[in-house]
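Architecture and fold: a report
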Amino acid sequence: MLTLNTFESFRVYSLDTIARLGEALELVDEVKRGRIPPATLTPIYNELAWSFSKDEAAKLLAADEIEALLLILRQPNSVRMGDFASRIKLIQKLVVPRYKERLEELILKVFGDPKRRTELRKLVGFYCSHIINLGYQRRFIFELVQSYFFAHPIQRARSATLSKFFREFDGRAKKFVVHAAVTRDLAQYLKGLGFTVRDMSFLTADQAASLSSNTNAAGLSMALECISEQFDPHGAMTEVFQMLSSQRAIAYLDPHGMRSEWGETMHVARARAKSGSTVTRGDFLVNISPRKVPSSGNRLRSIRNYARSIATRFDEPSTERLLSSINTAALARTSVNPENQLISFWSAIEVLLSEPRDDPRIVHYASLIVPCIALRHTRRQVTAVYDELLVTYRSRFRRLVWETGSSKTLPAAKAFAELMFLPEYAPLRTKLCGVLAESPLALHRVWKLHRDYRDVKCVHRTITDHFNRVNWQINRIYRARNQLVHAGRMPSYLESLILNLAEYYRSSVSTIISRARVEDELSDIDQIVAEIGIRYEIMRTKLSHRPANDAQITPDDVAMIMDH
């Protein structure tokens, strides 16, 4: 749920129920002021209904009030904003004070029951989302999970361990002392603004060791000392990093500027603590050690095929737009500023799509981009599970996949989809579970994959649910972008939005290019995007109109949902 390579549907939710309630109130206020169209509230109504249906903690704390709210949301065109806001505030009163505590109680209740792992997954998803939206950093949570549950061999994680883990997130800000290595020019500038700067020789051995580990340490002769009140060391380091970024931006106002450089590895300690920890700046888009690009192999061929298709499969105006969009998205990969990352990715989306004419901008953009993201969701989900299992189980897993007798000309992930979805391969699925018996996570992955696609009704529900979630997220990303551009407000869930938008962008571009490859003539990008939307709607219609007595999934169904 917390790592970079996690498939989008396996990640922690961007918002928990509490954050969604707060967001709904903000939007009601924006609509009342005439800043955004009332249509913007429709995704909010739908997402709230979804969130309440999944969130057992919220339902236990305000069951009747939630049901009363859902009752008026069943007729969204008749919702009066004042009434809606009052009901939201009432639910907040009842839920917010005890929400985290109730989630912890529910997790402890189901944690040891192997038959309630789906319920546990949902609860953990809401819990992780809640503490991230409180202000805890994703990396800090990940490190604690590793420390408590994976750093040392344990027979079984008991409730006492879990309770101690929960106490790490007490919701109280703590005072940290952060030391960062900076250039002499930057140190003198910051000193004039009232910041504390020291020569490196005045640092403790622990502090000096952390700062000397920076790759650019030779040019950083001074140390900046800052006090930061945050929930965890990563938050304290991030606050100092953002402050330094802002000061560098201010320096650009001078035509000559100055040398503004600092180390991305800092020393962070609790106030009055004798020692601290080394914390390195990083997010999930930049500062990741780049993989060595091979001179041959699948990855290089994939990149080369993208470049060739962009250059040869589109007409000249479309090629120009596509390259402009990709160049804009690349700015997000080189920026250290999360606001710039989100703005760059969203700008890349707008360049990729046609200009709105009659509809509100977000309605227009969402109607075009969401099918491009959602069309290949099943294929990406199957591939994500296949790749995870292949890394761990290698030849045993590969041999089992090909026991289906599928043609070796098929992509391996599609053969895996047939094994997981088609009823005739139930014995092979049982055999696969035997191979995965020592890994509860792997067993859960394949169980959920089969449950999502075991018949046509489930397939339709799965792709519709995903479509709705992407649509809600695209609307939220657009609102966050507007908040950043027009009001300078940065939401607590910004990093989650960036993670999802990066994957959405890659997925939509891949879908557009793949569609253009099968055309006989040079493609117009607007027509390609329109056709993707049409094909996605055709697929959903076919699935939804299947007779009840013909619900069994067939090889043709697998081909339809995997071949786009």
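Conventions adopted
Residues numbered from 1 in each chain as written. Predicted model: local features only at pLDDT ≥ 70, side-chain atom pairs only at ≥ 80, totals over all residues. Heavy atoms only, no water. Helix = DSSP H or I, 4+ residues; strand = E, 2+ residues; numbered from the N terminus. Rg over C-alpha atoms; globule rule 2.2 N^0.38 Å. Buried < 20%, exposed > 50% of the residue type's maximum accessible area, 1.4 Å probe, protein only. Areas by Shrake-Rupley, 256 points an atom, 1.4 Å probe, with all protein chains shown as cover. Lys, Arg positive; Asp, Glu negative; His and termini not counted. Charge placed at Lys NZ, Arg CZ, Asp CG, Glu CD. Expected span 1.5 Å × (residues − 1). Phe/Tyr/Trp six-rings, centres within 6.5 Å; stacked < 30°, edge-to-face > 60°. Lys NZ or Arg CZ within 6 Å of the ring centre and 35° of its normal. Pairing = 2+ DSSP bridges. Axes fitted to C-alpha atoms, helices over the stretch in contact; angles between N-to-C directions. Contact = heavy atoms within 4.5 Å. Salt bridge = Lys/Arg side-chain N within 4 Å of Asp/Glu carboxyl O. Core = buried A, V, L, I, M, F, W, Y, C linked by side-chain atoms within 4.5 Å. Arc of directions from axis to C-beta. Parallel < 35°, antiparallel > 145°, perpendicular 65-115°, else oblique. Left-handed = near helix turned anticlockwise from the far one by under 90°. Nonpolar A, V, L, I, M, F, W, Y, C, P; charged D, E, K, R; others polar. pLDDT = per-residue confidence, 0-100.

Some words on the overall build of the protein
For the protein, the helix and strand inventory stands at 23 helices and five strands. What you see for the protein is a C-alpha radius of gyration of 26 Å, in line with the 24 Å of a compact globule of 564 residues. The principal-axis extents of the C-alpha atoms in the protein amount to approximately 75 × 60 × 60 Å. The burial tally for the protein puts 49% of its 564 residues in the buried class. Of the roughly 28,000 Å² of accessible surface on the protein, 52% is carried by carbon and sulfur atoms. Positive and negative charge centroids in the protein, built from 79 and 62 side chains respectively, lie 5 Å apart.

Considering helix α20 (residues 456–487)
Spanning 32 residues, α20 covers 46 Å between terminal C-alpha atoms, matching the ideal 46 Å at 1.5 Å per step. Note on α20: the residue one or two positions beyond its end, G488, has a positive phi of about 70°.

A word on the packing of aromatic side chains
Applying the stated criterion across every chain yields a total of 24 aromatic pairs. Summarising the aromatic geometry, the rings of Y148 and F165 are spaced 5.4 Å apart at their centres and angled 75° between planes, so their arrangement reads as edge-to-face. Here F165 lies in helix α8 (residues 159–167) and Y148 lies in helix α7 (residues 138–150), a separation of 17 residues in the sequence. F165 matches Y148 in its accessibility class, with the two residues each being buried. Summarising the aromatic geometry, the rings of Y386 and F416 are spaced 5.9 Å apart at their centres and angled 50° between planes, so their arrangement reads as tilted. Of the two residues, Y386 sits in helix α16 (residues 377–402) while F416 sits in helix α17 (residues 412–421), which places them 30 residues apart along the sequence. Looking at Y386, the relative accessible area reads 7%, which means it is buried. Counting every residue linked through ring pairs, the aromatic cluster contains Y127, Y136, F140, Y148, F149, F165, F166, F169 and F231. Above the face of the Y306 ring, R517 is positioned so that its terminal group lies 5.8 Å from the ring centre. Cation over ring: R540 sits above F467, and NZ or CZ is 4.7 Å from the ring centre.

Section: the sheet that holds strand β5 (residues 277–280)
Pairing is antiparallel in the open sheet, where five strands are placed in the order β2-β3-β1-β4-β5. Among the strands making up the open sheet, the edge pair consists of β2 (196–199) and β5. Adjacent strand axes in the sheet meet at a mean angle of 35° when their direction is disregarded. Relative to strand β3 (residues 222–230), β2 runs antiparallel, the two being bridged by four bridges. Along β3, the bridge assignment pairs V197 with L224. Against the sheet, helix α10 (residues 205–212) engages β1 (174–182), β3, β4 (265–270) and β5, with an angle of about 150° to β4.

Re the pattern of salt bridges
In the structure shown here, the tally under the stated rule is 32 salt bridges. Across the pair R102 and E105 runs a salt bridge whose closest N-O atoms are separated by 2.9 Å. Of this pair, R102 and E105 both sit in helix α5 (residues 99–110), three residues apart, which is roughly one turn of the helix. By relative accessible area, E105 is classed as partly exposed at 36%. Here E350 and R361 are joined by a salt bridge, their closest N and O atoms 3.3 Å apart. One end of the pair, E350, is in helix α14 (residues 338–352); the other, R361, is in helix α15 (residues 361–374), with 11 residues separating them in the sequence. Overlapping salt bridges, with partners in common, bring together R20, E23, E47, R476 and R479 in one network.

Quick look at the side chain of R481
Tracing the sequence through the fold places R481 in helix α20. Ignoring any residue separated from it by four or fewer positions in sequence, one finds R481 in contact with L342, I343, W346 and H486.

Description of the nonpolar core
Soluble globular proteins: nonpolar side chains tend toward being buried together. Ranked by size, the top nonpolar core spans 86 residues in total, and within it F416, F421 and I474 carry the most contacts. Leaving out residues up to four positions away in the same chain, F416 has contacts with V382, V385, Y386, L389, F397, V401, L432 and L449. With 55 residues, the next largest nonpolar core counts L73, V95, I132 and F165 among its residues.

Concerning helix α18 (residues 426–435)
For α18, the full list of buried residues reads L428, R429 and L432. All buried residues of α18 project into a common sector of 100° when viewed along the axis, lining one side. Within α18, the exposed residues directed more than 90 degrees away from the buried face are P427 and T430.

Quick word on the packing of α17 against helix α23 (residues 555–562)
Two elements in contact, α17 and α23, have axes whose closest approach is 10 Å; the angle formed by their N-to-C orientations is 135°. The angle between α17 and α23 places the two elements in the oblique class. In the crossing of α17 with α23, the sense of the turn from one axis to the other is right-handed. Counted together, A413, K414, A417, E418 and F421 of α17 and V558, A559, I561 and M562 of α23 form the full contact between these two elements. In terms of residue class, the contact of α17 with α23 is made up of seven nonpolar, no polar and two charged.

A look at the confidence of the model for the protein
In the predicted model, the protein carries a mean pLDDT of 91, and 95% of its residues have values of at least 70. Low pLDDT, under 50, characterises residues 286–293; the stretch is placed with 14 contacts to residues that sit more than four places away or in other chains.

Considerations on the side chain of S245
Mapped onto the elements of the fold, S245 is located in helix α11 (residues 233–251). Not counting chain neighbours up to four residues away, the residues in contact with S245 comprise W262 and V336.

Comments concerning the environment of G282
Mapped onto the secondary structure, G282 falls in the loop between β5 and α12 (298–312). When the C-alpha atoms of G282 and C433 are compared, they prove to be 37 Å apart, with 151 residues separating the residues in sequence.

Regarding the packing of helix α1 (residues 17–32) against helix α4 (residues 81–95)
Here α1 crosses α4 at 155°, and the two axes come no closer than 10 Å. Between α1 and α4, the angle is such that the two are roughly antiparallel. Judged by the twist between their axes, the crossing of α1 over α4 is left-handed. On α4, the residues touching I18, L21, G22, A24, L25, V28, V31 and K32 of α1 are M81, G82, F84, A85, I88, K89, I91, Q92 and V95.

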